[in-house]
Amino acid sequence: MFKEKIIEEMKRVFETIPFGIDHTLKVLKNAEEIMNDENITEEDKELISIVAILHDIGAVEAQKKYGSIDGVYQEREGPAVARKILKKIGYDKDVDRICFIIGNHHTPSKIDGLDFQIQWEADLLENMTAMDKQKDQQKIRKCIEDNFKTATGKKLACERFVC
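Calculation rules
- Residues numbered from 1 in each chain as written.
- Predicted model: local features only at pLDDT ≥ 70, side-chain atom pairs only at ≥ 80, totals over all residues.
- Heavy atoms only, no water.
- Helix = DSSP H or I, 4+ residues; strand = E, 2+ residues; numbered from the N terminus.
- Rg over C-alpha atoms; globule rule 2.2 N^0.38 Å.
- Buried < 20%, exposed > 50% of the residue type's maximum accessible area, 1.4 Å probe, protein only.
- Lys, Arg positive; Asp, Glu negative; His and termini not counted.
- Charge placed at Lys NZ, Arg CZ, Asp CG, Glu CD.
- UniProt positions renumbered as here; feature names shortened; annotations may be inferred.
- Core = buried A, V, L, I, M, F, W, Y, C linked by side-chain atoms within 4.5 Å.
- Contact = heavy atoms within 4.5 Å.
- Arc of directions from axis to C-beta.
- Phe/Tyr/Trp six-rings, centres within 6.5 Å; stacked < 30°, edge-to-face > 60°.
- Axes fitted to C-alpha atoms, helices over the stretch in contact; angles between N-to-C directions.
- Parallel < 35°, antiparallel > 145°, perpendicular 65-115°, else oblique.
- Nonpolar A, V, L, I, M, F, W, Y, C, P; charged D, E, K, R; others polar.

A.B. asks: Describe in detail the overall build of the protein, supporting the description with residues and values.
C.D. replies: Across its full length, the protein carries 9 helices and 0 strands. When the helices and strands of the protein are placed in sequence order, the string is α-α-α-α-α-α-α-α-α. Scaling as 2.2 N^0.38, a compact globule of 163 residues should have a C-alpha radius of gyration of about 15 Å, and the protein matches this with 15 Å. Principal-axis analysis of the C-alpha atoms gives the protein an extent of 45 × 40 × 25 Å. By residue count, 49% of the 163 residues in the protein fall in the buried class. When the 26 basic and 31 acidic side-chain charges of the protein are each reduced to a single mean position, those positions are 3 Å apart.

A.B. asks: Summarise the UniProt feature "domain: HD" (unreviewed entry) in the protein; cite the residues concerned and give the values.
C.D. replies: When the UniProt feature table is mapped onto this chain numbering, "domain: HD" (unreviewed entry) sits at residues 21-120. In the segment residues 21-120, helix accounts for 72% and strand for 0%; the C-alpha atoms at its two ends are 18 Å apart.

A.B. asks: Mind laying out the environment of Lys 26, listing which residues take part and the relevant values?
C.D. replies: Residue position: Lys 26 is located in helix H2 (residues 18-37). The spacing of Lys 26 and Asp 123 is 97 residues in sequence and 8.4 Å in space, taken between C-alpha atoms.

A.B. asks: Describe the nonpolar core, naming the residues involved and giving the relevant values.
C.D. replies: Counting 49 residues, the largest nonpolar core has Phe 14, Leu 54, Ile 57, Leu 86, Ile 98 and Met 128 as its most contacted members. When residues of this core are assigned to their parent elements, the largest contribution, 7 residues, is made by helix H3 (residues 42-54). Ignoring sequence-local partners within four residues, the contact set of Ile 57 consists of Met 10, Val 13, Phe 14, Gly 78, Val 81, Ala 82 and Ile 85.

A.B. asks: Mind laying out unusual backbone geometry, listing which residues take part and the relevant values?
C.D. replies: Only a minority of non-glycine residues have a phi that is not negative, and only a minority of peptide bonds are not trans. The phi torsion at Asp 94 lies on the positive side, around 55 degrees, for a residue other than glycine. Here Asp 94 shows up in the loop between helix H5 (71-89) and helix H6 (95-102).

A.B. asks: So what about helix H8 (residues 137-147)? Which residues, and what values?
C.D. replies: Those residues of H8 that fall on the buried side of the exposure criterion are Gln 137, Ile 140, Cys 143, Ile 144 and Asn 147. The buried residues of H8 occupy an angular sector of 125 degrees when projected down its axis, which confines them to one face. Exposed positions of H8 whose direction lies more than 90 degrees from the buried face are Gln 138, Lys 139 and Glu 145. Those residues of H8 that are buried lie in contact with helix H7 (114-127) and helix H9 (151-161).

A.B. asks: So what's going on with the packing of aromatic side chains? Residues and values would help.
C.D. replies: According to the stated counting rule, one finds 3 aromatic pairs in the structure shown. Considering the side-chain rings of Phe 2 and Tyr 91, the 5.0 Å spacing of their centres and the 80 degrees angle between planes classify their relative orientation as edge-to-face. Within this pair, whereas Phe 2 is found in helix H1 (residues 2-13), its partner Tyr 91 is found in the loop between H5 and H6, the two being separated by 89 residues in sequence. Residue Phe 2 is classed as partly exposed on the basis of its relative accessible area of 21%. On the basis of relative accessibility, which here comes to 4%, the residue Tyr 91 falls in the buried class.

A.B. asks: A description of the packing of H1 against H3 should follow, citing residues and the corresponding values.
C.D. replies: For the pair H1 and H3, the least separation of the axes is 10 Å and the interaxial angle reads 10 degrees. The orientation of H1 with respect to H3, classified from their angle, is roughly parallel. Here Phe 2, Lys 3, Ile 6, Ile 7 and Met 10 of H1 come into contact with H3, specifically with Glu 46, Ser 49, Ile 50, Ile 53 and Leu 54. Tallied by class, the residues present in the contact of H1 with H3 amount to 7 nonpolar, 1 polar and 2 charged.

What follows is the structure, given as structure tokens:
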């Protein structure tokens with residue numbers, strides 16, 4: 001119920017950045033794939049899904065304020081936008097945790113739990129599609145080794161990107 005409402009709000013925010021909608025839905029799908037094969041509670045699945053939907057939600061505000069959607073600006077603007085959306089739809093569980101992850105989702109040193117790790121991996125799986133699978137094998141393998149901690153995330157990354 002909340003997931004669909006949050007997706008609709010995310011789409012409204014990203015009207016001016018349509019590729020943001022596509023990216024977000026792919027990250028959500030990746031997160032769901034990882035969660036399905038990991039031992040994740042239903043409550044944690046809900047939180048991780050919300051974070052996946054809202055992780056880049058600060059991009060539009062960042063573009064307006066800073067002329068850039070770089071990660072540092074998304075992290076700065078995202079939590080306030082996310083709080084506004086969650087309040088609007090009446091969602092009040094784990095809002096501080098959701099906003100912490102959104103506010104740090106480009107900063108791997110801030111990963112402090114499985115929920116954040118799954119978001120990191122789900123986003124990275126999508127971002128890795130920009131790498132040249134044929135030419136960047138060494139870089140891809142190093143990226144997987146350094147970033148993927150869940151068995152499922154590592155398996156998905158290897159299946160998709162390792163020749």
